[in-house]
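# Understanding the architecture of this molecule
Residues per chain are reported as follows:
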Amino acid sequence: MKEIILEMEEYASAHNVPIIEKDSIKFIMKYIKANNIKNILEIGSAIGYSSILMASVAPDVNVTTIERDNARYMECLKNVKKCQFEQKINVVFQDALEVNLANNLKFDMIFIDAAKGQYINFFEKFKYFLNEGGVIITDNLKFHGNVGKSASIESKNLKSLVEKIENYIKFLKENKEFDTNFYDIGDGLSVSVKKDEKK
Ligand code: SAH
Ligand code: MG
């Protein structure tokens, strides 16, 4: 298992696949353990690095992960198989914004780590699939130190992307259904806990 993880890290760096930073995945794995999280939905599998590490926390942790890029999806399947996690990780090859999940499916955690410009759309679509007290964790909220500095970014594409992340942060801060904490770990993480509607 350790060997496979190392191979994935090497593959990611050789092929420019943006896998999660070590401190961030460590934080998420601890969170899964501490909060007894069993069912996880991940948006953005890439090659399966974060899925496999999350699924490895305990025997009864299961992950559904969505990836729209064919080459990455194939690589993800291969890695899931190598770890013998076929029963724990369900890899879905589709654009997450087009996926139809069974409406009785519920998750304890949703990990958003796909197209950064679509974060609000992912959040709004998938929040209905959270259990009571469930949590949405989002990666890359610092976007390599660019977030908060959009006004001074020259490149149009980068500026627009960073503005969208800044908007997402504002959206989370103002969200009345969720309580969000922001963490300066790795490339920046948020943890949004769904409030109890009965309170
Ligand atoms: N979670 C992975 C890294 C994901 S990188 C890890 O840490 O190991 C982001 C991935 O999201 C990319 O592979 C990209 O192809 C995918 N992606 C981007 N937008 C998507 C969408 N709308 N639906 C599904 N996958 C998407
Ligand atoms: Mg990421």
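Residues numbered from 1 in each chain as written. Chains lettered and ligands numbered in written order. Predicted model: local features only at pLDDT ≥ 70, side-chain atom pairs only at ≥ 80, totals over all residues. Heavy atoms only, no water.

### A word on the site of ligand 1
Heads up, the condition is: Any residue with a heavy atom lying within 4 Å of a molecule or strand is counted as near it. In protein, a polar contact means a hydrogen-donor-capable atom and an acceptor-capable atom, both N or O and within 3.5 Å, with residues adjacent in sequence counting only if both atoms are side-chain atoms; elsewhere, any N or O pair within 3.5 Å suffices. For accessible areas, the Shrake-Rupley method is used with a probe of radius 1.4 Å. Any residue's cover is judged against the shown protein chains and nothing else. Only DSSP runs of H or I covering at least 4 residues are called helices, and only runs of E covering at least 2 are called strands; the numbering of each starts at the N terminus.
As a structural note, the neighbourhood of ligand 1 is formed by 21 residues, with Gly44, Glu67, Arg72, Ala96 and Asp113 the closest of them. Between a nitrogen atom of ligand 1 and a main-chain N or O atom of Arg68, the distance comes to 3.3 Å. In the model, a nitrogen atom of ligand 1 is placed 2.8 Å from a nitrogen or oxygen of the Asp113 side chain. For ligand 1, whose unbound accessible area comes to 590 Å², protein coverage reaches 94%. For the shell around ligand 1, the elements supplying multiple residues, two or more each, are helix 3 (49-55) and strand 2 (62-67).

### A closer look at the coordination of the magnesium ion (ligand 2)
Each angle at a metal carrying four tetrahedral donors should ideally be 109.5 degrees, and each at a metal carrying six octahedral donors should ideally be 90 or 180 degrees. Formally: Nitrogen, oxygen and sulfur within 2.8 Å of a metal are treated as its donors, or within 3.2 Å for sodium, potassium and calcium (Na, K, Ca); water is not counted, so a site can appear incomplete. Note on exposure labels: buried denotes an accessible area under 20% of the residue type's maximum, exposed denotes more than 50%, and partly exposed covers the range between, all computed with a 1.4 Å probe on protein chains only.
All of the protein donors around the magnesium ion (ligand 2) are Asp113 (OD), Asp139 (OD) and Asn140 (OD1); their distances to the metal are 2.2 Å. The motif formed by the donor residues of the magnesium ion (ligand 2), counted along the single chain, is D-x25-D-N. In this pair, Asp113 is assigned in the loop between strand 4 (107-112) and helix 5 (119-126) and Asp139 in strand 5 (residues 130-139), connecting sequence segments 26 residues apart. For the pair shown, Asp113 and Asp139 are each scored as buried.

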